[in-house]
Amino acid sequence: MGIYDIVIIGGGPAGLTAAIYACRAGWKTILIERGTFGGQAAITDRIENYPGFAEGISGFDLMQGFYQQALRFGCKMLVAEVTGLNIHPGLGNTDFGQGEQIKTVETTEGLVQGRTVLIATGAQARELGIKGEKEFVGRGVSYCATCDGFFFKKKKVAVIGGGDAAVKEAIYLAKLAEEVLIIHRRDSFRADQYLSQQVLTLPNVKIRWNTVPLEIRGEQKVSALLVQNVKTQETGTEEVDGVFIYIGRKPNTDFLGAGFTRDEEGYLLTGQDLQLATPGIFALGDCRVKSVRQVATAVGDGALVMAAVDEYLRSKKEG
Ligand code: NAP
């Protein structure tokens, strides 16, 4: 395979955008993805705030467009899980400046070497950590309404959380389920006003404010959720067939091991050019420290990072 100019880890909106720019600019590029090209966005029912689609668009269709565009510019795609990233001194290859740090990406399909590595691994659902959660995954507990909502047609489900994801997915589930119960630990949503107002108009959505889940119960499948009002300390049981957990996300950066600067939650710290403290390694999209994590900002990162990557690669080639 040789040494790539650019190795992109992660095929969500950020990684695919970087791939489009990189390949269009003529850099030898490989993109490594462990699961679904398009990432979390590809399993989002509808995306309404991505510009250019006046009526909204399904996440899958939008991400297919990104993927096909990267392929059209000749991006090499590898389906594999990345398990580590090592940096070692230049190999003395005459194509590269002497002393350039070549990076080795360990994957389940073997080693991939690159002059630069772009980490675009995104984030995944955070777990509640309550009794019954792990036990009932796939048997009533879910982190993806678009994937599993269908199984709860005409049933009663609980959605945990009050952010954009929880409210958006509660609106989606309300179209399928008989009743949706939002369990939120405070007395107002974190979600934006548009979503918050929309959910409040739905007749089959009920909200339990100031309430936290304590335990998920059932026999073969989920049948109830034990909850507690944080103001009165009163506990109670809600009879539900499903529990959808949307309490935020955690970055997929564990594979990096020590030596990369992260915040306390594991998000990667970059400079304004999205480069890490290690030259030639960049982070983009949801896995880095940033204030807004949406498809539009991931796309912005993908375009932005390529200016710095271009400069890095050209300076090494000239040097
Ligand atoms: P989020 O904004 O961090 O919201 C997490 C929610 O879960 C909050 O309401 C939080 O309560 C609650 N929570 C956290 N830990 C909890 C616990 N242990 N027990 C009970 N509740 C808990 O996460 P998100 O909704 O996944 O969104 C992540 C990012 O993606 C955000 O930047 C969001 O804007 C973006 N996003 C955007 C859209 C869109 O359509 N625009 C859709 C999905 C996601 P508190 O409010 O009390 O902290």
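Please read all numbers here as calculations on a predicted model, not as lab measurements.

### Quick notes on the side chain of threonine 211
Logical step 1: Tracing the sequence through the fold places threonine 211 in strand S14 (residues 211-218).
Logical step 2: Residue classification places threonine 211 among the buried residues on the basis of a relative accessible area of 7%.
Logical step 3: Here the side chain of threonine 211 touches tryptophan 209 through a polar contact of 2.7 Å, landing on its backbone oxygen.
Logical step 4: Beyond its immediate sequence surroundings of up to four residues, threonine 211 is in contact with Ile183, His184, Arg185, Val227, Gln228 and Asn229.

### With respect to the nonpolar core
Logical step 1: Ile6, Leu118, Val305 and Met306 are the most contacted members of the largest nonpolar core, which has 38 residues in total.
Logical step 2: Contributions of two or more residues to this core are made by strand S1 (3-9), helix H1 (13-24), helix H2 (39-42), helix H3 (59-72) and helix H7 (295-318).
Logical step 3: The element best represented in this core is H7, accounting for nine residues.
Logical step 4: Setting aside residues up to four positions removed in sequence, valine 305 forms contacts with Ala18, Leu118, Asp273, Leu274, Phe282 and Leu284.
Logical step 5: Membership of the second largest hydrophobic core comes to 23 residues, among which are Val159, Ala170, Leu173 and Ala177.

### Description of the site of the ligand
Logical step 1: The environment of the ligand is formed by 19 residues, the closest being Gly162, Asp164, Arg185, Arg186 and Arg190.
Logical step 2: Contact between the ligand and asparagine 49: a nitrogen atom at 3.2 Å from a side-chain N or O atom of the residue.
Logical step 3: Side-chain polar atom of arginine 190 to an oxygen atom of the ligand: 2.6 Å apart, as the coordinates give it.
Logical step 4: For the shell around the ligand, the element with the most residues is helix H5 (residues 164-174), which contributes three residues.
Logical step 5: Per-class residue counts for the shell around the ligand are four nonpolar, seven polar and eight charged.

Quick notes on the rules
- Residues numbered from 1 in each chain as written.
- Predicted model: local features only at pLDDT ≥ 70, side-chain atom pairs only at ≥ 80, totals over all residues.
- Heavy atoms only, no water.
- Helix = DSSP H or I, 4+ residues; strand = E, 2+ residues; numbered from the N terminus.
- Buried < 20%, exposed > 50% of the residue type's maximum accessible area, 1.4 Å probe, protein only.
- Polar contact = N/O pair within 3.5 Å; in protein donor to acceptor, adjacent residues only side chain to side chain.
- Contact = heavy atoms within 4.5 Å.
- Core = buried A, V, L, I, M, F, W, Y, C linked by side-chain atoms within 4.5 Å.
- Near = heavy atom within 4 Å.
- Nonpolar A, V, L, I, M, F, W, Y, C, P; charged D, E, K, R; others polar.

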